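# Descriptive structure summary
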Amino acid sequence: MAAARRLKRVAASQPGFLTLKPSSEPADLVGSRRKRVNKNKKKNWNKFSDIADVEEFLEDVRHQERTTGGLLSEKSDDTLFFVDLGQSEKPEQKAEEPDEGKKRKGKASRPLRIDLILQHDSHIPPPKDVLAYQQPNAKKLRRIAQKAEQLAARGVVPRRQKRLLNRRPIDRTVNKAVTEANNNPDRGYYNLWGQESKDSADPWYLQQTGKKLVKRPEKLNEKPSVLPAVEVIAPGGSYNPDFFSHQVLLQEAHNVEVKKKKQEDRLEKQLAVNKEDRATEETALREVVEGLIEEEDDEVGAPNSKEDDEAAVAAIAVTEKKTERQRKKEKAEKIKEQQRLSSRRQNAQQQQLFQLRSIKTSIKQQEQKTKKKQVQRKAQQEAQKAQPRRLGKLKFQTPDLDIQLSDELAGSLRQLKPEGSILKDRFKSLQKRNLIEPRERAKFKRRLKLKYVEKRAFKEIT
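Here the residue numbers are simple positions, counted from 1 along each chain's written sequence. Side-chain atom pairs in this predicted model are given and counted only at pLDDT of 80 or more, local residue features only at pLDDT of at least 70, and totals for whole chains, interfaces and linings cover all residues. The side-chain quantities take in all heavy atoms of the structure and omit both hydrogens and water.

### Here's the deal with the overall build of the protein chain
Formally: Put simply, DSSP H or I for four residues or longer makes a helix, DSSP E for two residues or longer makes a strand, and each gets a number counted from the N terminus. Throughout, a residue-residue contact means that at least one pair of heavy atoms, one from each residue, lies within 4.5 Å. Per-residue and other accessible areas were derived by the Shrake-Rupley procedure at a 1.4 Å probe size, with only the shown protein chains allowed to occlude residues.
In terms of helices and strands, the protein chain carries 15 helices and zero strands. Sequence-distant contacts, at least 24 apart, represent 66% of the contacts inside the protein chain between residues at least 6 apart. Counting only carbon and sulfur atoms, one obtains 53% of the accessible surface of the protein chain, whose full area is about 46,900 Å².

This is the structure:
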């Protein structure tokens, strides 16, 4: 501290030093007696050290450096003062009105106030960024470069450069069909992510060794659905739609609701109970009394004569054997039946000869029908590409249309209320394009039952 005060007294005693800030200490306290403290202890250094005068001196020096670029004592008189010669008399110029095509130069060249505030007004240059000039292992690299220059001046070639010079030149006329080594730097460039590699070896060898690549199925290159990733809503779904387009969208939503209602009515009709099958008082009473009243049974042991006669006839027919005459008769009837069928077949073939025209027309009609069915089948297949397929146990459910009624429409975007969810919309789009299977929200099932326990404080109240 004594050295700092001595430096301040020496600087203040110099004739050219000017202080820009007045001393904050009053004159009567300058010569006041200070408290004597033992400065040998470190805890008293900051506690009883008065450095206000040193800080004022250093702040005054910094202020002079910021405003004038250095100490005022080191500045020349020409930079600090100027000779006032008064205002130069200039002839008054009439204020001419500026033309429309010309612009005032003074207004255009004057900077804005905000730019003036943000300008750097300090005369001290910014500090040099030492880290920007540093390089890792700079000393080592500089030493290596100096050594290489000394060796080059003496004509000594480094070992690495000597190996490059002694390297055998590459023969560019070598046949490229020969398999090249992997460590050959002049081999052809191979793009790992480009086209598929061509197998240069024997296909049979590759197949037996298991190195043959599996051919990618063509079906994997096809998209599972022709629907776009983002479907644009109809014009009636806008926040301020046209009247007719909005009515069309309302009619579409109405048809969807009518279809749902019909399905619900059909299901109720199928599950409805028939009035005739309902229990009445009489049937209820009969069910209650069932088993209490004994009914007259038929006489036990009375044989049914008709059934017994039929069984006896069948047994006799099985036991009887056919005679030779009966067998010959049956054989002759069988031959006659075969001859009759063959003759009828021949007559039908002869009749077809005279029906060639009608057969040709029928064949053409059949071909036209098959072609028509093929076209319909292809159209149906194309239409099914735009429909969701059954990928899991659940069926895809079309989401409801997000539509507003005529009295709910907003006139501006500020009054518009958001409807629907983007997350659900994207999830349904993935299901509709057959990228994922339709799913349901997982139901939470509690493994352990809840246990209700009354606390002591609650028991005391109750």
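We are not done yet, so read on.
### Digging into a positive patch on the surface
This is how it is decided: Residues enter patches when they are more than 30% accessible in relative terms and free of salt bridges; like-charged ones are connected within 9 Å and nonpolar ones (Val, Leu, Ile, Met, Phe, Trp, Tyr) within 5 Å. In what follows, salt bridge is the name for a side-chain nitrogen of Lys or Arg lying within 4 Å of a carboxyl oxygen of Asp or Glu. By the counting scheme adopted, Arg and Lys are positive, Glu and Asp are negative, and His together with the chain ends is not counted. Here the site of a charge means NZ on Lys, CZ on Arg, CG on Asp, or CD on Glu.
Judged by side-chain charge, K35, K41, K43 and K47 come together as a positively charged surface patch. Relative to the assigned elements, K43 resides in the loop between α1 (2-13) and α2 (52-68).

### Remarks on a negative patch on the surface
A cluster of acidic residues, D402, D407, E408 and E419, forms a negative patch at the surface. By the element assignment, D402 lies in the loop between α13 (356-385) and α14 (422-432).

### Re the packing of aromatic side chains
To keep it simple, the criterion reads: Any pair of Phe, Tyr and Trp rings, taking the six-membered ring for Trp, is counted once the centres come within 6.5 Å. Such a pair is stacked with planes under 30 degrees apart, edge-to-face with planes over 60 apart, and tilted for the rest. Classification of residues uses two cut-offs on accessible area relative to the type maximum, computed with a 1.4 Å probe and protein chains only: under 20% is buried, over 50% is exposed, and between them is partly exposed. In our convention, an over-ring charge means Lys NZ or Arg CZ found within 6 Å of a ring centre and within 35 degrees of that ring's normal.
The final tally for this structure, using the stated rule, is one aromatic pair. Ring geometry for F243 versus F244: centroids 5.5 Å apart, planes at 80°, classification edge-to-face. Here F243 and F244 have matching classes, each one exposed. One residue, K128, lies across the ring of Y133, its end atom 4.7 Å from the ring centre.

### Some remarks on the confidence of the model for the protein chain
The predicted coordinates of low-pLDDT regions are not to be read in fine detail. Condition: pLDDT is defined as a per-residue confidence score from the predictor, taking values between 0 and 100.
Here the protein chain shows a mean pLDDT of 80. Residues at 70 or above account for 76%. The model gives residues 22-30 a pLDDT under 50, and that stretch makes four contacts with residues more than four places away or in other chains. A low-confidence stretch, residues 297-303 stays under pLDDT 50, and its non-local contacts, those more than four residues away or across chains, total one contact.

### Considering unusual backbone geometry
At N137, a position not held by glycine, the phi torsion is positive, near 55°. Take N137: it is sitting in the loop between α5 (113-118) and α6 (138-154). By relative accessible area, which is 56% here, N137 ends up exposed. Its identity is not glycine, yet N434 carries a phi of approximately 60°, on the positive side.

### Some points on helix α10 (residues 281-289)
Every α-helical turn comprises 3.6 residues, leaving residues that sit three or four positions apart pointing alike. Burial of α10 is sparse: only zero of the nine residues sit out of reach of the surface. Just downstream of α10, G291 is the residue with a positive phi angle, here 95°.

### Side note on the environment of A234
Along the chain, the position of A234 falls in the loop between α8 (203-209) and α9 (243-271). Residue A234 is classed as partly exposed on the basis of its relative accessible area, which comes to 33%. As for A234 and L249, which are separated by 15 residues in sequence, their C-alpha atoms are 7.3 Å apart.

### Points about the pattern of salt bridges
What the rule picks out here adds up to 12 salt bridges. The salt bridge partner of R66 is E59, with a shortest N-O separation of 3.8 Å. Residue R426 pairs with D425 through a salt bridge whose shortest N-O separation is 3.7 Å. Residues joined by salt bridges that share partners form a network here, namely E59, R62 and R66.

### Section: the side chain of S225
Just so we agree on the cut-off: Polar contact is the term for a pair of N or O atoms within 3.5 Å; when the atoms are in protein, one must be able to donate a hydrogen and the other to accept it, and sequence-neighboring residues count only if both atoms are side-chain atoms.
By the secondary structure assignment, S225 is in the loop between α8 and α9. Overall, S225 belongs to the buried group, its relative accessible area being 6%. Engagement of the side chain of S225 in a polar contact is seen with the backbone oxygen of K385, the distance being 3.3 Å. Each residue touching S225, except ones within four places of it in the same chain, is listed here: K385, K432, R433 and N434.

### Considerations on a nonpolar patch on the surface
On the surface, a cluster of nonpolar side chains totalling about 440 Å² of accessible area is made up of L112, I114, I117 and L118. Note on placement: L112 falls in the loop between α4 (105-109) and α5. When its relative accessible area of 54% is taken as the criterion, L112 is described as exposed.

### So, the environment of R389
Topologically, R389 is positioned in the loop between α13 and α14. A sequence separation of 164 residues divides R389 from S225, and the C-alpha atoms of the two residues are 9.4 Å apart. The residues touching R389, leaving out its near neighbours within four places in the chain, are P224 and N434.

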